[in-house]
Each structure stands twice: as structure tokens, then as C-alpha cells.
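Close look at the chain arrangement
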Amino acid sequence: MKLTDVGLFSHLIGGIGFAALAGKILWRRSGASLWLGGAAAMTALWAFGVVVVARYGAAYAPILSPLETLRTAAWLAFVISLLRVSWRLDDRLRSSFAVAGAIGFVTTVQLMLDLLDIASSRIDAATPWLGALFVILRLTVAISGLVLLHNLYVNAAPASRTGIRLLCIGLAGFFGYDLNLYTLQFLLGE
């Protein structure tokens, strides 16, 4: 994996910024912000992982895909924690269990595929469907993230939408980038 100096520097700065955000939030320990702190911590770990792989070589590359899976799952959990009130998940435990179960299932399957090293270029010719399944799961998670963000923005009170607008724009860029990346990987096979 080769990153330009700008890419390496931006991942390093992003990792430091998310680590600082996670540290500040986790220090206060309150409600939904704990989910944000966890997501920021996972993003910092992922960004530092990208820097380590780019700087020290491909020997560390197998850590990136599981870190990316956990990072994305953490952001989905944070968005769902914000949707908990508008979806009344505390009152409807069956719906809460279904949402958590679906995200947990997809994350578990992705992590299993990560551990099988499907994300790398060493996919067996006998099992190309596992590589396709891996990319389809990544696409599913990216689309789910965009749908959850849409629900978050639409279900917010009109007066509070200005407070979540930048969060929704940032996370939409995050999930939109993943959607674009994995769509191209699925279509081009690279």
C-alpha cells in the first residue's frame, strides 16, 4: 500500500484528532456521547493503522480490514444511539433487538471474512464468491449508514436540525466514500 506524503500526513492528523475527541468524550462519560467516543476511538485506531501500514510495510496490512469493519460498525452504533429516541427503541425492545441483531450479524460476518483474509488479494480461485460476498457486505453497510443518516435528519425536530447538519454531512461523506469505493471494487474487481 502506497500513500503519498499528503495521504500519510492527513491520516496521521485525522488519527490524532479522533484520538483527542475520543479522549475528551470518554473522560466525561455521558449517555450517547459514549457511543461517539467509541466511534472516534475506532476511527483513530484505523487511521493510525493506515499510517503504520503505509510506513512500515505490508506485514501489518491484515490489521486494516478488521479495523475498518469495527470503525464502520462503531459509527453505525452511534447513529442508532441517536435514533433511539425517535424510533422509540427503548419502548419497543423487539425492534431494538432486530436492529442490533442485523448490524451485529453483518459485522460478525465481515470480521469472519477479515480473519479469513478475504479482503486481501489472496482470494482462492475456488472461492471467488467469498470475495464478492465481502464487497457486497461492505456495500450493504455503506447503504445502511446513508439510510440511517437520512432517518436521523428527517426524524429530528426542525429546530434541532441545524445542530446535527454538520454531523450528517460528515458521516454522509464517510459512508458515501465507502459506497463509491466498494461499488467500484465490485464492478471492476480490483
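Refer to the preceding data block for the structure.
In short, a report on the structure. (Residues numbered from 1 in each chain as written. Predicted model: local features only at pLDDT ≥ 70, side-chain atom pairs only at ≥ 80, totals over all residues. Heavy atoms only, no water.)

Observations regarding a nonpolar patch on the surface
A cluster of nonpolar residues, Ile136, Leu184, Phe186, Leu187 and Leu188, forms a patch on the protein surface that exposes about 500 Å² of accessible area. Counting residues per element, the nonpolar patch draws most heavily on helix α6 (residues 161-188), at 4 residues. Locating Phe186 in the fold gives a position in helix α6. Under the relative-accessibility criterion, Phe186 is labelled partly exposed at 42%. (Patch = residues over 30% accessible without salt bridge, like charges linked within 9 Å, V, L, I, M, F, W, Y side chains within 5 Å. Areas by Shrake-Rupley, 256 points an atom, 1.4 Å probe, with all protein chains shown as cover. Salt bridge = Lys/Arg side-chain N within 4 Å of Asp/Glu carboxyl O. Helix = DSSP H or I, 4+ residues; strand = E, 2+ residues; numbered from the N terminus. Buried < 20%, exposed > 50% of the residue type's maximum accessible area, 1.4 Å probe, protein only.)

A closer look at the packing of helix α3 (residues 64-83) against helix α5 (residues 128-155)
As a packed pair, α3 and α5 sit with axes 10 Å apart at the nearest point and diverge in direction by 25 degrees. When the interaxial angle is binned, α3 and α5 end up roughly parallel. In terms of crossing hand, the pair formed by α3 and α5 is left-handed. On α5, the residues touching Ser65, Glu68, Thr69, Thr72, Leu76, Val79, Ile80, Leu82 and Leu83 of α3 are Phe134, Arg138, Val141, Ser144, Gly145, Leu148, Leu149, Asn151, Leu152 and Asn155. In terms of residue class, the contact of α3 with α5 is built from 10 nonpolar, 7 polar and 2 charged. (Axes fitted to C-alpha atoms, helices over the stretch in contact; angles between N-to-C directions. Parallel < 35°, antiparallel > 145°, perpendicular 65-115°, else oblique. Left-handed = near helix turned anticlockwise from the far one by under 90°. Contact = heavy atoms within 4.5 Å. Nonpolar A, V, L, I, M, F, W, Y, C, P; charged D, E, K, R; others polar.)

Re the packing of helix α1 (residues 5-28) against helix α2 (residues 33-56)
Axis angle and axis distance: for two packed helices, these are the angle between their axes and the distance between the axes, and together they describe the pair. α2 packs onto α1 with a crossing angle of 155 degrees between their chain directions and a minimal axis gap of 7 Å. When the axis of α1 is compared with that of α2, the two are roughly antiparallel. For α1 against α2, the interelement crossing comes out left-handed. In terms of residue class, the contact of α1 with α2 is built from 20 nonpolar, 7 polar and no charged.

Quick word on the nonpolar core
Residues Trp75, Val79, Leu149, Leu171 and Phe175 are the most contacted members of the largest nonpolar core, which totals 36 residues. Secondary-structure elements contributing two or more residues to this core are α2, α3, α4 (93-115), α5 and α6. Contacts of Val79, omitting those with residues within four sequence positions, involve Leu148, Leu149 and Leu171. (Core = buried A, V, L, I, M, F, W, Y, C linked by side-chain atoms within 4.5 Å.)

Quick word on the pattern of salt bridges
Under the criterion given, the structure shown has 4 salt bridges. Across the pair Asp178 and Arg71 runs a salt bridge, and its minimum N-O distance is 3.4 Å. Taken together, the residues Asp178 in helix α6 and Arg71 in helix α3 connect sequence positions 107 residues apart. When sorted by exposure, Asp178 lands in the same class as Arg71, which is buried. A salt bridge links Asp114 to Arg138, with the shortest nitrogen-to-oxygen separation between them at 3.5 Å. Taken as a pair, Asp114 in helix α4 and Arg138 in helix α5 lie far apart in primary sequence, 24 residues in all. Shared partners join several salt bridges into a network, and the residues in it are Glu68, Arg71, Asp114, Arg138 and Asp178.

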